[in-house]
Each structure stands twice: as structure tokens, then as C-alpha cells.
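As a plain string of letters, each chain reads:
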Amino acid sequence: MGKIFWINVSTTSDQLKPHKRIRCQSIEINKTGVSRIQQVLNRDIYESLKDDDSIIIKEADKGGAIIIMDTNFYKEKVMEQLNDEEYYKQITNNPDKATKKRLKKLIKDYDQCLTEKEIAYLCDFDPKESNFYGLPKVHKSAQIQNTVRDQNNVYVETFRPADLKLRPIIAGPESLTQRLSHFIDLIIKHICPLIPSYIKDDMEFLNHIPAIVPEETLLTSFDVTSLYTNIPHDLGITAVKYWIEEKRDEIDSRFETNFILEAIKIVLEENTFYFDGKKYRQIKEIPSGAERKMYLEAIQSGTEVRQYVRIFVVGKHGVGKTSLVRRLLGKGLDDVESTDGIDIDKTCQIRTSDGEWIVGEGELNLNIPTCN
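Basis of the calculations
- Residues numbered from 1 in each chain as written.
- Predicted model: local features only at pLDDT ≥ 70, side-chain atom pairs only at ≥ 80, totals over all residues.
- Heavy atoms only, no water.
- Helix = DSSP H or I, 4+ residues; strand = E, 2+ residues; numbered from the N terminus.
- Buried < 20%, exposed > 50% of the residue type's maximum accessible area, 1.4 Å probe, protein only.
- Phe/Tyr/Trp six-rings, centres within 6.5 Å; stacked < 30°, edge-to-face > 60°.
- Polar contact = N/O pair within 3.5 Å; in protein donor to acceptor, adjacent residues only side chain to side chain.
- Contact = heavy atoms within 4.5 Å.
- Core = buried A, V, L, I, M, F, W, Y, C linked by side-chain atoms within 4.5 Å.
- Patch = residues over 30% accessible without salt bridge, like charges linked within 9 Å, V, L, I, M, F, W, Y side chains within 5 Å.
- Areas by Shrake-Rupley, 256 points an atom, 1.4 Å probe, with all protein chains shown as cover.
- Salt bridge = Lys/Arg side-chain N within 4 Å of Asp/Glu carboxyl O.
- Expected span 1.5 Å × (residues − 1).

(A) Unusual backbone geometry, seen in detail. In this structure, arginine 160 is a non-glycine residue whose phi angle is positive, near 35°. Inspection of the secondary structure assignment puts arginine 160 in the loop between β6 (155-159) and β7 (166-171). The class for arginine 160 is partly exposed, based on a relative accessible area of 25%. Not every positive phi belongs to a glycine, and aspartate 276 is a case in point at roughly 55°. Mapped onto the fold, aspartate 276 is located in the loop between β8 (272-275) and β9 (278-282).

This is the structure we're talking about:
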């Protein structure tokens, strides 16, 4: 059974107390075939709550918990993302007519590579609007995690966690571009496992790491912020084009490369949705010319020259790692203290023009690549 989190604006709100009391008394697992929320909440209770406009009920991004939030708080969290003009843009006109025109033109231009059944699938349906919602990332909220430890209960209540983030979801199972997106996915998904960096899932990842590592090994992990929304459209299309050309034999020959790329372009550029009665378009600004050039060269060559090196000094406690680093950097040892955690020093640089080492905070130059 997952936990139930109650996130509200005021812990003394009389309007919300009845819901709190009901949920504390009635939590059970229903039969399969219903939503996760209905599995955790009693079906009758869920029916009584779902029409309450003052609250929003969402499943957590991970862990199976059910999150019951004050509606205004939820909207504030969503707007923190939608107000970011690098990724989203509010639009006043309805672009559906223009999108339909682009779809029809695509089908007409490449009808020779499509069967009648495929054309019917792509064109003959009644589209519906896409909607935006967010899944609360309770596992990444320090305030919520502290509350879980303090209350130690299936039912957990907390007050407006400022560090709560949402995973953005655009739900459009019958949107104008959904079928085209699904169709292109069926065409090119066969080449994904052939890409060297491809990892199917967690279990496959475990097969790539050694079963045994030395005791002194430092294990690190990295998380990419907003992975998909951070990929510029044109660069994403460039990457797809590169791998299609590399693995052309793996794709049905009747589908021209330009058809696939133009279809992807439509799917990416016509990604519109509604939230709270307003319509938005998902976008991604194109990076600067130098950054774009570096990316394209890396895609084509498979390599990138990176004049930046991290040097890790790892060892057991108290053996003199800090003293060694300070000696290498020409620093004294009078004020050396045992390092609590990880210490990062960025005062070591090398000039690429002549290979001269430069050490010292006073000589930092942003034009000289950092080497530590």
C-alpha cells in the first residue's frame, strides 16, 4: 500500500478537514482494473473527492504514493514550469487548422510510400485536445521526506513544500499528431538498440557494470535535468537523421528519409496543449552557432574534444589526501583540516597555446580551460 500525502495551503482549513478525517479512517486496496488512485483510496471516497474543485489528486512520480493537494498550490507548481519561456509559450490562436494542413500536405507529398490502410490510420479519426499535468516528485522533496520520517504513518500531512517539483506530462492520446508520432516510432524504433549508447532498462544497465569493484572505488551518479525538453528540436532531428543514414538497411526502404524527418518535425513543432483553460506550445530555443556547430560535429564524428579534466584524489580517512593536493597546488599546510565530504579545487589550469601550468586563485582566466 502506498502512502497518502496531504499537501494543503492551511493546515487549519475547516473546508479540508472532512476529507482528511474520511481518508484517515478508510484506506483499502480495491480489485485490479481501476486506477492506482482508486486502488489506494476507497472507491466511494474517491468518487466523493474527485469532483471537489478545491483539491487535486495525483499519483506520485515514483513510489506509488497518492498526493492530495490544494488546487491553488498545484497550479502554482505547474505555472513554475509553464512560465519558463525557454521551454513553453502561451498561444492565443488555435493552431489546429494549420497543423491539419501540414499533415495533409505530408501525406500527399509521400502517398507513394504509404498504403491506403496507413493513410486512413493517419487521417481518419476525430482528434482531441492534449492536456498538461504534473506528477509530484515526492522522492526529491527534502521537506516531504523529513515529514515522512517525523510522522511515520500511512497518512502524511505537510504544508506547501517549497522544494516540491512536478514531472511534466502532456496527455494527448488522441491529439492531432499522436498517430503520426506512433507511426514514426514503429518505423525507426528498430535502430535504437543498435546505437552504442543504448541501454534498454535498469537490468541491462547492471550488465554493463562490473560485478566486483575495488574497495576504494568512488561510485557516482548523474541526473539530467529535464532531459527531453532540453533537446532542441533541430538538433534532435539532426541526430535522428544521422542514425537513419547510418542504419538505413534496418528501416523499410519504402519510407524515405525525408518523410521520416518531416514527420518528426511536425510532431515536435505542433506539440500544443491546454492547462487551466489556456493553450501552450512546447518549444526549445536553438542554441548559439558555436554550440550548434560543436554538437553537429560530435554527432557526425562520434567524438568531442573536451579540454576539461577532473582529477580525483581518493583514499582512506586520514592518509593525507588534502595535504597532498595542497602541496601540488603550492599551498601551505598550517591550516589543514580533515575534509568532511568532498572538497573541490578549481585553481589549477593549463594554457592550451603553450602548455604552461597556472596555479592560484588570483590567476583564474575564463578563457583558460580548467583542468581540475
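(B) Fine view of the packing of aromatic side chains. Evaluation of the coordinates by the stated rule reveals 10 aromatic pairs. Taken together, Tyr74, Tyr88, Phe132, Phe273, Phe275 and Tyr280 form an aromatic cluster joined through their ring pairs.

(C) How the structure looks around the side chain of glutamine 81. Topologically, glutamine 81 is positioned in helix α4 (residues 71-82). Looking at glutamine 81, its side chain comes within polar contact range of the main-chain oxygen of leucine 166, at 2.7 Å. For glutamine 81, the contacting residues outside a window of four places in its chain are Tyr88, Phe132, Leu166 and Pro168.

(D) Representation of the nonpolar core. The biggest cluster of nonpolar side chains holds 25 residues, and the ones touching the most others in it are Leu180, Ile184, Ile187, Phe259 and Ile260. Only α5 (96-109), α8 (178-188), α10 (233-246) and α11 (257-269) provide two or more residues apiece to this core. Among the elements that take part in this core, α11 stands out by supplying seven residues, more than any other. With residues near it in sequence (within four places) discarded, phenylalanine 259 still touches Leu106, Tyr110, Cys113, Leu114, Phe183, Ile184 and Ile187. Formed by 20 residues, the second largest nonpolar core is a distinct cluster that contains Phe73, Val138, Val148 and Phe275.

(E) Up close: a nonpolar patch on the surface. Taken together, the side chains of Ile199, Met203, Phe205, Leu206 and Ile209 present a nonpolar region at the surface, about 470 Å² in accessible area. Assignment of secondary structure puts isoleucine 199 in the loop between α8 and α9 (202-208).

(F) Local environment of the side chain of aspartate 61. Inspection of the secondary structure puts aspartate 61 in the loop between β2 (55-59) and β3 (66-70). You can call aspartate 61 buried: its relative accessible area is 16%. Once you skip the residues sitting within four places of it in the chain, aspartate 61 turns out to touch Leu135, Pro136, Lys137, His139 and Arg167.

(G) Expanded view of α4. An ideal rise of 1.5 Å per residue puts 16 Å on 12 residues; α4 measures up with 16 Å between its terminal C-alpha atoms. Every buried residue of α4 is accounted for by Thr71, Phe73, Tyr74, Lys77, Val78, Gln81 and Leu82.

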